[in-house]
Amino acid sequence: DLNIFSNYSYSYAPNRQTIRVNRTVLDSLFDQVSVIADTRRSHTYKLGADYFLNKRNTLGLMVNGVFSDPVSASNGRTLISNTTTKQADRMLIAENSNLLKRYNANVNLNYNYTAPKLTLSVNADRGSYDFNSDQMQENYYYTPSGQVKLDDVIYHIVSPAQIDISSLKTDL
């Protein structure tokens, strides 16, 4: 006998939020307003089969994973003041974009033997996780009126990560 199973799902989740933060760090006050827009798309899948060799022996194979490519962007304006004067002395305009790639795939091979007083289970697993982020963080400092640019600090952050995991487990 053969049992085949599968599942697939797709998710699309746009999100937009406005954040207002007032904070004090040492001698500085920060009055920040940011708008963050995210769009998350993901595909999730599972495919497997169980082959019943006889009533005591079963072989199984399953593959599953997720593919997603979220995109995030934020724009913020922060007035920065001294705690003593409480007068803004500069303004930060921050623009951030982040392109993400997330891939996850797993394979499981299993064997099960069942007898009246004995059960043996063997599982071999392999997982691969690939996470990539390409982020651009642009910070522009202006006078409080926004008329004169004082400085800019721009970061480009590329963060690749690859993780592979293998395991073998036996239960008796």
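Everything quoted here is computed from the prediction, not taken from an experiment.

Caption draft 1: Structural detail: the environment of Thr 84. Here Thr 84 lies in the loop between strand 4 (71-82) and strand 5 (88-115). Taking the relative accessible area as the measure of exposure, Thr 84 reaches 69% and is therefore exposed. It is 8.7 Å that separates the C-alpha atoms of Thr 84 and Ser 28, two residues lying 56 residues apart in sequence.

Caption draft 2: Up close: the packing of aromatic side chains. Evaluated as defined, the whole model comprises three aromatic pairs. Aromatic pair Tyr 45 and Phe 67: ring centres 5.6 Å apart, planes at 20 degrees, arrangement stacked. Here the residue Tyr 45 occupies a position in strand 2 (residues 28-52), and Phe 67 occupies one in strand 3 (residues 57-68), the gap between them amounting to 22 residues.

Caption draft 3: Expanded view of the pattern of salt bridges. All chains considered together, the criterion is met by five salt bridges. When the shortest N-O distance is used, the salt bridge between Arg 40 and Asp 38 registers 3.9 Å. Residue class for Asp 38 comes out buried when judged on its relative accessible area of 9%. Arg 90 is paired through a salt bridge with Asp 89; the nearest N and O atoms lie 2.7 Å apart.

Caption draft 4: The arrangement of the environment of Asn 132 in detail. Along the polypeptide, Asn 132 turns up in strand 6 (residues 118-142). Between the C-alpha atom of Asn 132 and that of Phe 67, which follows or precedes it by 65 residues, the distance is 12 Å. Setting aside anything within four residues of it in sequence, one finds Asn 132 in contact with Leu 99, Leu 100, Lys 101, Arg 102, Ser 159, Pro 160 and Ala 161. One polar contact links Asn 132 to Asp 130, side chain to side chain, over a distance of 3.1 Å.

Caption draft 5: Just the layout of surface pockets, in detail. Within this model, the largest pocket holds a volume of roughly 180 Å³. For the largest pocket, the lining is made up of 15 residues, of which Gln 32, Ser 34, Gly 76, Thr 78 and Ala 94 are closest to its centre. Mapped by element, the contributors of at least two residues to the lining of the largest pocket are strand 1 (2-25), strand 2, strand 4 and strand 5. The biggest single contributor to the lining of the largest pocket is strand 4, with five residues. Looking at the lining of the largest pocket, its residues break down into six nonpolar, eight polar and one charged.

Criteria and thresholds
Residues numbered from 1 in each chain as written. Predicted model: local features only at pLDDT ≥ 70, side-chain atom pairs only at ≥ 80, totals over all residues. Heavy atoms only, no water. Helix = DSSP H or I, 4+ residues; strand = E, 2+ residues; numbered from the N terminus. Buried < 20%, exposed > 50% of the residue type's maximum accessible area, 1.4 Å probe, protein only. Phe/Tyr/Trp six-rings, centres within 6.5 Å; stacked < 30°, edge-to-face > 60°. Salt bridge = Lys/Arg side-chain N within 4 Å of Asp/Glu carboxyl O. Contact = heavy atoms within 4.5 Å. Polar contact = N/O pair within 3.5 Å; in protein donor to acceptor, adjacent residues only side chain to side chain. 1 Å grid on protein atoms, 1.4 Å probe; cavity = no way out; pocket = protein on both sides within 12 Å on 5 of 7 lines; lining within 4 Å. Points joined across faces, edges and corners; volume = space filled by probe spheres on them. Nonpolar A, V, L, I, M, F, W, Y, C, P; charged D, E, K, R; others polar.

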